[in-house]
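A look at the structure
One-letter residues, chain by chain:
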Amino acid sequence: MTRLIVAAGGGGDAVAAAMLHAALYGDEDQAVILTYAWDRLLIDPVPGPRGAHDFTGLEAVTPSVWSVPATARPVAPAGSTLPRLASELPQTLALLDPSHGVEGVTRQLEELVAHLAPESIDLLDVGGDVLARGDEPTLKSPLADAVMLAACCRVNAPVRLLIAGPGLDGELSANDLLPSLGPVAHTLTAEDVAPIGNVLEWHPSEATGMLAATARGTRGICEVRDAGLPVPLTDESPRVHEVDLDEALSHNTLARAIMATTTLDEVEAHSREVCGFSEIDYERNKALWLKDQVPAPLDEGTVLRQVDEFESEARVRGVTHTTFRHLTEVLNLNGSQRSDLRQLLLTRRPEQYTAPLWRIPDAT
C-alpha cells in the first residue's frame, strides 16, 4: 500500500511529511513525498526552485517525475538538501518541478497518481500560508504553496489538505488562521519526531524545527528569520488540522489566478500582480548581496560576547528561543558558517540547546 504526500513548501515540509506519515500511517505503508528542490540561499546560492536538469543521478518514475536517491547530486553551482534527506528518511522523495507552471505540476501529479495508485493523497503545508489571500503584509513566500494548491485542485483525485503547526512559518498568525481550520487530524508528539532521526540537527528549516520542538513540549516565543519575527510556541503549534481543499482555493487569490499557467515566469508575473512581489525576486536580490560577503573565521570570544548581547536584548522582547539560522543572521555571519556557530555554542553552552532550537536563558 502506498501513500502520496505532497509537501507544499520544499525540503522543510518534506521533513514534516516524513513525521506525519509515521504518525498517521505507521510503518506498514510505503510513502512517496513529492517535494520542491527549493532551499534557502545558505544551501543553494541559485535563486528559485531546481528542476530535473539541475541534478545528476535522478531516477525516472514517470515521463515527468523523477525520484531523488541518496546518490543524486545537484549540478554546481546549485545546492540541494534532497539527496541527504533521501539518505536519512525512510520515504521515497520525488522531485516537484514547477518550471512548466501549474499545468506542468498537475501533469506530474496525475502521472504519479496513475503510476502509484496511492491509498491516500495528502497535501501538507507547515504554518498555513497556503490559506493566505495574498495581500497580507506579513506574507513572504506565497508562490510555492499557491502552485501546489492550484495543481492539487486540478488533479482528478481526492486530495486532503493538512495544515501542521498553524502560524509557525511566521507569515500568518495562528489566531488569524484558526477560523479557516477544520478538525484536528493529529497532535504531534515526541514519539512522532523520532522517525526522522537527526535530520533537524543539520537541516535549516525553521518552521519544521519549531514544529518538532513543540511536539517535544517546548513552549514560549521563538525569534526567526533575518527580520527577527516572533513566533509563539503554544499548545496549538504541534497540531495538524484538516482544511477543505476548495475552501482553501477560495481564500487563495494567487492560486486561482495561476491555474492555467504553463511557465514559472507566468506564475511570478501573477504573484507580482496579486501579492505585490515574487519571492524569487527577493532571492535574486539577496543572492547579489550575499555574493559580495567574504566569510571571516569565527572568533570564539567575539561570538560568545555577541550572543550574550543578543540574548540580553531578546529577553527584553520576551523571546525565549531562537534558531541557529536567525543567530547566524544576527551575528552578521555568512550562511556557510551556521554549522560552525552551532557546534561552538553546543560545545560551550550545551544546557541551552532545546532540540533543534537555542534557548534564551533567564537573566541571572
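For the structure given in this document, a descriptive report is provided here.

Within the element layout of this structure, Glu268 appears in helix H11 (residues 264–275). What makes Glu268 buried here is its relative accessible area of 2%. Counting along the chain gives ten residues from Glu268 to Ile258, while the straight-line C-alpha distance between them is 9.2 Å. There is a polar contact of 2.6 Å between the side chain of Glu268 and the side chain of Ser278.

Here we come to the layout of surface pockets. The computed volume of the second largest pocket comes to approximately 250 Å³. For the second largest pocket, the lining is made up of 16 residues, of which Gly167, Ser173, Ala174, Pro230 and Pro232 are closest to its centre. For the lining of the second largest pocket, the secondary-structure elements that each account for two or more residues are helix H5 (174–177) and strand E12 (229–233). Element by element, the count of residues in the lining of the second largest pocket is highest for E12, at four residues. Here the residues of the lining of the second largest pocket are counted per class, giving seven nonpolar, seven polar and two charged.

On to the sheet that holds strand E16 (residues 357–359). The pairing of strands in a sheet happens through backbone hydrogen bonds and is either parallel or antiparallel. With mixed pairing, the five strands of this open sheet are ordered in space as E12-E11-E14-E16-E15. Strands with a single pairing partner mark the edges of an open sheet, and in this sheet they are E12 and strand E15 (353–354). In terms of strand pairing, strand E14 (residues 321–322) meets E16 through two bridges, oriented antiparallel. Bridging across to E16, His321 finds its partner in Arg359.

What counts and what doesn't
Positions within a chain are numbered from 1, following the residues in the order the chain's sequence is written. Selection of residues for local features in this predicted model requires a pLDDT of at least 70, selection of side-chain atom pairs for listing and counting requires 80 or more, and totals for whole chains, interfaces and linings are taken over all residues. For the side-chain quantities, the full set of heavy atoms in the structure was used; hydrogens and water were omitted. The numbering of helices and of strands both runs from the N terminus, where a helix is a DSSP run of H or I of at least 4 residues and a strand a run of E of at least 2. Burial status follows relative accessibility: with a 1.4 Å probe on protein chains alone, a residue under 20% of its type maximum counts as buried, one over 50% as exposed, and anything between as partly exposed. Whenever a nitrogen or oxygen atom comes within 3.5 Å of another N or O atom, the pair is scored as a polar contact, on the condition that within protein one atom can donate a hydrogen and the other can accept it, and that pairs from neighbouring residues in sequence are kept only if both atoms are in side chains. Here a cavity denotes grid points, spaced 1 Å and computed from the protein atoms alone, that fit a 1.4 Å probe unable to get out, and a pocket denotes an open set having protein on both sides within 12 Å along at least 5 of 7 lines; residues with an atom within 4 Å of a point are the lining. Grid points are joined across faces, edges and corners, and a volume is the space filled by probe spheres set on the points. Polar here means any residue other than Ala, Val, Leu, Ile, Met, Phe, Trp, Tyr, Cys and Pro, which are nonpolar, and Asp, Glu, Lys and Arg, which are charged; Gly is therefore polar. Here, a strand pair is defined by DSSP locating no fewer than two bridges between the strands.

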